[in-house]
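Here is what each chain is made of, one letter per residue.
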Amino acid sequence: MTVDLKQQALALSPVLQEIFQALHRCPELGCQERQTAAFIRSRLDELGIEYIPMADTGTAAIIRGGHPGRTIGFRADIDALPINEETNLPYASQNPGVMHACGHDFHTASLLGAAELLNQRKETIHGNIKLFFQPDEEDRGGAAPMIASGCMENPKVDAMLCCHVESLIPTGALSVRTGPICAASNPFTVTLRGRGTHGAKPELGTDVIVAAAQVITALQTISSRRTCPTEAVVATIGSIHAGTAGNVLPPEARLKGILRTMTADARERVKEDFRSIVTGVAAAMGVEADIDIVESYPCCHNDPALTELLRRSAAKILGPENIWELEAPSLGADDFGYFNELVPGCYYYIGVGSETKGFTYPNHNPRFGADPDALWLSAAVEAQAALDFLEG
Ligand SMILES: [Zn+2]
Ligand SMILES: [Zn+2]
């Protein structure tokens, strides 16, 4: 069975590369993935796989096995980034300023490959496979609207798998870890309001710039003093705006940033710490603080049993020596966390790097590329994991 699956996946490689290159040529930003959605749906039509359009440009497909059983879900994100491609690849982006620089075209092509492999053997499968082609991972997150549209129900999804390309890992390898894998993110805006005055007469106003400097410095103690040194927490301020001239103290300063945490508990605690520090320091400086914290993506935690299953399934395709242990989680966020909040999940990295082919740039770089020769391996890993989960 395994040999067959691997051989079938290898035979699919040219088709998967064609799909991948077609998607790569026509990248679309989040919530605008119309051509991409049409492409995915027409491929599912060709394969005879049923699906429901969801969350506008999203698609939820299902392969129903010949026998009753559990249901496993896969998420492939489909959106691109506002980056001007500089790869010079023959299949480079034809949409100026938009690029598949995070490999979501690879995820989509790989899952369409797994769909084909699984659909061919559906009569013998116990249970179902759901395939979510999800919009807008990079911006506001398409996972939540797809869940709200009911993709996790009828039949209810028991577990979710999700791969992400990684160009720092070579083609043929895969990296995963048990436990925390992606961070929860809480973007924030702090607006400090004081009384503007002449730069030579600070005593007549309340200085929001000095207050902002104190707030920024004090916020560093969230990770250094309020968090256990072995726990990962980041409070980053990436934008600060205040003032128009060197001799004027402005009435307002605005700070923007993101809080990143690895557990639901830490997320609540850090938000509380953040509020108390900003409010307290602002009060001490005599200015007012408006705090706006947005609930963005939840963290992803890899379920131990599901991660072990993924390791074993991937080893059948890639060889046990090519299953790498990821030492530390990423403080990056992925809206796969919304699926992972509902059911056990496993998020893993598939190698798409190649020194010889020049696929060495990190994702979100204008020269990023994913090795098309990794597509069939990724599709085979997904299909093998689905079969192993449903047999178990
Ligand atoms: Zn990305
Ligand atoms: Zn991505």
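Scroll up to find the structure.
An account of the accompanying structure is given in this report.

The rules behind these values
- Residues numbered from 1 in each chain as written.
- Chains lettered and ligands numbered in written order.
- Predicted model: local features only at pLDDT ≥ 70, side-chain atom pairs only at ≥ 80, totals over all residues.
- Buried ≥ 20, exposed ≤ 12 C-beta atoms within 10 Å, placed from the backbone.
- Helix = DSSP H or I, 4+ residues; strand = E, 2+ residues; numbered from the N terminus.
- Pairing = 2+ DSSP bridges.
- Core = buried A, V, L, I, M, F, W, Y, C linked by C-beta atoms within 7 Å.
- Domains from an automatic or database assignment.
- Contact = placed C-beta atoms within 7 Å.

**A few points about the pairing of strand β5 (residues 159-170)**
Of all 12 residues in β5, 9 are buried; the element is thus mostly enclosed. Where strand β3 (residues 67-77) meets β5, 3 bridges bridge the pair, whose relative direction is parallel. Note on β5: the bridge partner recorded for Ile72 is Ala159. Strand direction decides the pairing type here: β5 and strand β16 (residues 345-353), joined by 8 bridges, are parallel. Looking at the pairing, Glu166 lines up with Gly351 of β16.

**Some remarks on the environment of Glu138**
Within the secondary structure, Glu138 sits in the loop between β4 (126-134) and α4 (143-148). Residue Glu138 is classed as buried on the basis of its 20 C-beta neighbours within 10 Å. When the C-alpha positions of Glu138 and Leu29 are compared, they lie 8.6 Å apart, and in sequence the two are 109 residues distant.

**What about the nonpolar core?**
Counting 110 residues, the largest nonpolar core has Leu174, Ala379 and Ala380 as its most contacted members. Residue-level mapping places this core at the junction of two domains, with at least three residues from each of domain 1 (2-182 + 300-391) and domain 2 (184-293). Residues contacting Ala379, with those up to four places away along its chain left out, are Ala9, Leu12, Leu16, Ser110, Gly113, Ala114 and Leu117.

**Focus: the environment of Ala370**
Along the chain, Ala370 turns up in the loop between β16 and α10 (375-391). Owing to 31 C-beta atoms within 10 Å, Ala370 belongs among the buried residues under this scheme. In this structure the C-alpha to C-alpha distance between Ala370 and Met146, which are 224 residues apart in sequence, comes to 27 Å. The residues touching Ala370, leaving out its near neighbours within four places in the chain, are Gly103, Phe106, Val165, Ser167, Val352 and Phe359.

Keep in mind these numbers describe shape, not what the thing actually does.
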